Amino acid sequence: MASVARAPLHNPLGLLAELTHRCPLGCPYCSNPLALDPREDELDTATWTRVFREASALGVLQVHLSGGEPAARRDLLAITAAAHEAGLYCNLITSAVGLTPKRLAALATAGLDHVQISIQDSIASSADHIAGYDGAFARKRALAQEVVQLDLPLTVNAVVHRANIDRIGEMVDLALDLRASRVEIAHVQYHGWALANRSRLMPSRAQVERALALVEELRHQHRGRIVIDAVVPDYYARYPKPCGGGWARRSLNVTPAGKVLPCHAAESITGLEFWNVRDHSLTDIWLNSPAFNAFRGTAWMKEPCMNCPRREQDFGGCRCQAFALTGDAAAADPVCHLSPAHGLVAALSAVTEDSGYSYRRY
Ligand code: SF4
Ligand code: FES
């Protein structure tokens, strides 16, 4: 595997705490791995409490309580309180299904700072169809109202793909209606389960170009009312994104069973060795875990990244995508037009099918 980089080591700023893989929804674009952690392997409250303290000592400022659906954890209140007591800004990433107003209020009292709710579309029937859950849309609307009433800042996360990308304007209107302070237009990332649905989710180039122009217009129109975050979707970009700000540079992920990953999809790369919070402190993992050091900095790169002037900007793009598409995690992300495998991205984005989604169930 690649050599250890000599780049200066930053402190991580964010921790994604994947509390459970259990989830009531069945989204076809789920980026969780194909093999989900069983409930009996999930970390207990005391271990999460220790992880939050260690994260704070390591310089982490923000924790994202995620899943699956974090509300599936009976101890979510204690976990939230522990994150708050560790001094972390605490964001709950929720589907809104399974979280009652009473429980949300208790979380706010325990120190919850921010809530992010995912939406699947602006039309209820389509949203429920995409989520694979009847009534999900109505529950999301209702919980979003509770969030705002509790004076918690709300982000709406709209995952877009071929079926809903032409309704970005309506989804931004919905976010405004819900009094969200931010809306994320998140194009599907083809990792984990989403990869199996790629041809059913892939938008056309024309759809993407219309969407990018519309987002610019909407930003202008709604300046000062709502923040609109959006990036060019990978398969239609000229250069890749610095995935997660660069491998093992700014954040870490802890899986439900305690493995610590440099990024959400890292387990898809075969041959990496991940350490577990049950056996190592977070600081030890950040500094010494083989998986973290595998692609840290730029010393592991090969051509065309090795001598590219953008290598410190995008760090060669996404390692997981490079591995998924080329079988080599040290290759340039094929999204980059300089990659010898770039033709693959154009070819794959042209493959579409309209058969039913393959839903995720757990
Ligand atoms: Fe980024 Fe590598 Fe492409 Fe240069 S060649 S732009 S470093 S992915
Ligand atoms: Fe793993 Fe991009 S998702 S590096």
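About the criteria used
Residues numbered from 1 in each chain as written. Chains lettered and ligands numbered in written order. Predicted model: local features only at pLDDT ≥ 70, side-chain atom pairs only at ≥ 80, totals over all residues. Axes fitted to C-alpha atoms, helices over the stretch in contact; angles between N-to-C directions. Helix = DSSP H or I, 4+ residues; strand = E, 2+ residues; numbered from the N terminus. Parallel < 35°, antiparallel > 145°, perpendicular 65-115°, else oblique. Left-handed = near helix turned anticlockwise from the far one by under 90°. Contact = placed C-beta atoms within 7 Å. Expected span 1.5 Å × (residues − 1). Buried ≥ 20, exposed ≤ 12 C-beta atoms within 10 Å, placed from the backbone. Near = placed C-beta within 6 Å. Nonpolar A, V, L, I, M, F, W, Y, C, P; charged D, E, K, R; others polar. Pairing = 2+ DSSP bridges. Right-handed = clockwise from strand over helix to strand, strands pointing away.

Trainee: Requested: an account of the packing of helix α2 (residues 76-85) against helix α3 (residues 101-110), with residues and values cited.
Mentor: Where α2 meets α3, the closest approach of the two axes is 8 Å, and the angle between their N-to-C directions is 20°. Between α2 and α3, the angle is such that the two are roughly parallel. For the pair α2 and α3, the crossing hand works out as right-handed. Together, L76, L77, T80, A81 and H84 of α2 and A106, L107 and A110 of α3 make up the contact between the two elements.

Trainee: I'd like to hear about helix α5 (residues 136-149), residue by residue, with values.
Mentor: For α5, which comprises 14 residues, the first-to-last C-alpha distance of 20 Å matches the rise-based estimate of 20 Å (1.5 Å per residue) to within 8%. Residues A136, F137, K140, L143, A144, E146 and V147 constitute the buried set of α5. Along its buried surface, α5 packs onto α3, β4 (114-119), α4 (124-131) and β5 (154-160). The first or second residue beyond α5 is D151, which carries a positive phi of 65°.

Trainee: Requested: an account of the site of ligand 1, with residues and values cited.
Mentor: Taken together, 14 residues form the shell around ligand 1, and within it P304, C305, C308, R310 and C336 come nearest. In terms of residue class, the shell around ligand 1 is built from 8 nonpolar, 2 polar and 4 charged.

Trainee: Which residues make up the sheet that holds strand β8 (residues 251-254), and what are the values?
Mentor: Read across the sheet, 9 strands follow the order β7-β6-β5-β4-β3-β2-β1-β8-β9 without closing on themselves; strand pairing throughout is mixed. The strands lining the two open edges of the sheet, one partner per strand, are β7 (227-230) and β9 (260-261). Note: strand β6 (residues 182-187) against β7, 4 bridges, orientation parallel. Bridged to V183 within β7 is I228.

Trainee: How would you explain the packing of α4 against α5 if you had to name every residue and give the values?
Mentor: Remark: α4 packs on α5, axes separated minimally by 7 Å, with the N-to-C direction vectors making an angle of 105°. Overall, the two elements α4 and α5 adopt an arrangement that is roughly perpendicular. On α5, the residues touching A124, A127, D128 and A131 of α4 are A136, F137 and A138. Residues of the contact of α4 with α5, tallied by class, amount to 6 nonpolar, no polar and 1 charged.

Trainee: Quick one: what's the story with the pairing of strand β2 (residues 62-66), residue by residue and with numbers?
Mentor: The buried count for β2 comes to 4 of 5 residues, which makes it a mostly enclosed element. Looking at chain direction, strand β1 (residues 14-18) and β2 are connected through 5 bridges and run parallel. Bridging from a neighbouring strand, L15 pairs with V63 of β2. Across 4 bridges, the pairing between β2 and strand β3 (residues 89-94) is parallel. When the sheet's bridge partners are listed, L65 is paired in β3 with L92. At this point the chain moves from β2, through α2, to the parallel β3, and the crossover so formed is right-handed.

Trainee: Kindly report on the pairing of β4, identifying the contributing residues and their values.
Mentor: Judged by how many residues are buried, β4 sits mostly within the fold: 5 of 6 residues are covered. Relative to β4, β3 runs parallel, the two being bridged by 4 bridges. Note on β4: the bridge partner recorded for L92 is V115. In this view, the connection linking β3 to its parallel neighbour β4 by way of α3 has right-handed handedness. As defined by bridge partners, β4 adjoins β5 across 5 bridges and the pair is classed as parallel. Within β5, the residue paired with Q116 across the bridge is T155.

Trainee: I'd love a proper account of unusual backbone geometry, names of residues and values included.
Mentor: Here the bond from G67 into G68 is cis, since omega is 10°, no more than 30 degrees from zero. By secondary structure assignment, the location of G68 is in the loop between β2 and α2. Residue P304 is reached from E303 by a cis peptide bond, and omega for that bond is 10°. Assignment of secondary structure puts P304 in the loop between α11 (290-294) and α12 (311-314). In this structure, R179 is a non-glycine residue whose phi angle is positive, near 65°. Its place among the elements puts R179 in the loop between α6 (168-177) and β6. Residue F315 is not a glycine yet carries a positive backbone phi of 50°. Note that F315 resides in the loop between α12 and α13 (319-326).

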